[in-house]
Amino acid sequence: MDLTELIILLVVAGLCGSIARGLAGSTRGGCLVSIALGFIGALLGSKLAMLLGLPEIFSLNLGGRNYPVVWSIIGAALFCAILGLLSGRRRL
């Protein structure tokens, strides 16, 4: 994986993480949190899809590896929602 593929991967993970944060209603953190959330979501969403026997809906091939965009967003939104429930932060 070269530098341009790494930058593209970070941008895609950041976009997936920020979309997931918007879906889950989370506003904490910035760009680095979105990138980390995108990677966590990719791991969690891919594992969940594999366990349920669901196909890859949309993925990007970066550096010879597939990055599951849809499952990353779903996994990150689930992770955000779980963190929101565990933190007990109340909205006004």
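Residues numbered from 1 in each chain as written. Predicted model: local features only at pLDDT ≥ 70, side-chain atom pairs only at ≥ 80, totals over all residues. Heavy atoms only, no water.

An unreviewed UniProt entry lists the protein chain under the name GlsB/YeaQ/YmgE family stress response membrane protein, with Gimesia maris as the source organism.

A. Molecular detail of the nonpolar core. Core analysis: the biggest nonpolar cluster contains ten residues, these being Leu9, Val12, Ala13, Cys16, Ile35, Ala42, Leu62, Tyr67, Val69 and Ile73. At the level of elements, helix H1 (3-24), helix H2 (31-52) and helix H3 (69-87) are the ones that each hand at least two residues to this core. In terms of residues, this core owes the most to one element, H1, which gives four residues. Of all hydrophobic cores here, the second largest spans five residues; its members include Ala20, Leu37, Ala76 and Cys80. (Core = buried A, V, L, I, M, F, W, Y, C linked by side-chain atoms within 4.5 Å. Buried < 20%, exposed > 50% of the residue type's maximum accessible area, 1.4 Å probe, protein only. Helix = DSSP H or I, 4+ residues; strand = E, 2+ residues; numbered from the N terminus.)

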